[in-house]
Amino acid sequence: MSVVPFEELQALSGYKHRNKVMQWCREQGIRFVLNSSNQPVTVSDMLREDLDGTRETTTILFER
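Let me begin by describing the structure that accompanies this report. Computed from a prediction, not measured in an experiment: that's the story for all the values here.

The rules behind each value
Residues numbered from 1 in each chain as written. Predicted model: local features only at pLDDT ≥ 70, side-chain atom pairs only at ≥ 80, totals over all residues. Heavy atoms only, no water. Helix = DSSP H or I, 4+ residues; strand = E, 2+ residues; numbered from the N terminus. Rg over C-alpha atoms; globule rule 2.2 N^0.38 Å. Buried < 20%, exposed > 50% of the residue type's maximum accessible area, 1.4 Å probe, protein only. Pairing = 2+ DSSP bridges. Salt bridge = Lys/Arg side-chain N within 4 Å of Asp/Glu carboxyl O.

What follows is about the overall build of the protein. In terms of regular secondary structure, the protein is built from three helices and three strands. When its helices and strands are written in sequence order, the protein yields β-α-α-β-β-α. The C-alpha radius of gyration computed for the protein amounts to 11 Å, which stays within 12% of the reference 11 Å derived for 64 residues, consistent with globular compactness. Projected onto its principal axes, the C-alpha coordinates of the protein cover approximately 30 × 30 × 15 Å. Within the span of the protein, comprising 64 residues, buried residues form 31% of the whole.

Given below as structure tokens:
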């Protein structure tokens, strides 16, 4: 599992602006979080599941 950076999501969506990329992700059912630069990012496994329609229940735990 690797991080899919904002730049990759821009390329996939065809949009450059953060809000448009986030809107596209929501429309496609792609789960994402915002990084420290307030840009959407996801992980490769979740992106594949969301785009293929094979989503499994996944719990992500972040350290504080």
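A few words now on the sheet that holds strand 3 (residues 40-43). Reading across the sheet, the three strands line up as 1-3-2 and stay open at both edges, with antiparallel pairing between neighbours. Strand pairing shows two members of the sheet lacking a second neighbour, strand 1 (3-4) and strand 2 (33-34), which therefore form its edges. Bridge count between strand 2 and strand 3: two bridges; the pairing is antiparallel. In the sheet register, Leu34 faces strand 3, and the bridge partner there is Pro40.

What follows is about the pattern of salt bridges. Counted by the stated rule, this structure contains three salt bridges. Between Arg31 and Glu49 there is a salt bridge, with its nearest N and O atoms 3.1 Å apart. Separated by 18 residues along the polypeptide, Arg31 in the loop between helix 2 (18-28) and strand 2 and Glu49 in helix 3 (residues 44-52) bring together distant segments of the chain. Like Glu49, Arg31 is buried. Here Arg31 and Asp50 are joined by a salt bridge, their closest N and O atoms 2.9 Å apart. Of this pair, Arg31 sits in the loop between helix 2 and strand 2 while Asp50 sits in helix 3, and the two are 19 residues apart along the sequence. In this structure, a network of salt bridges that share partners links the residues Arg31, Glu49 and Asp50.

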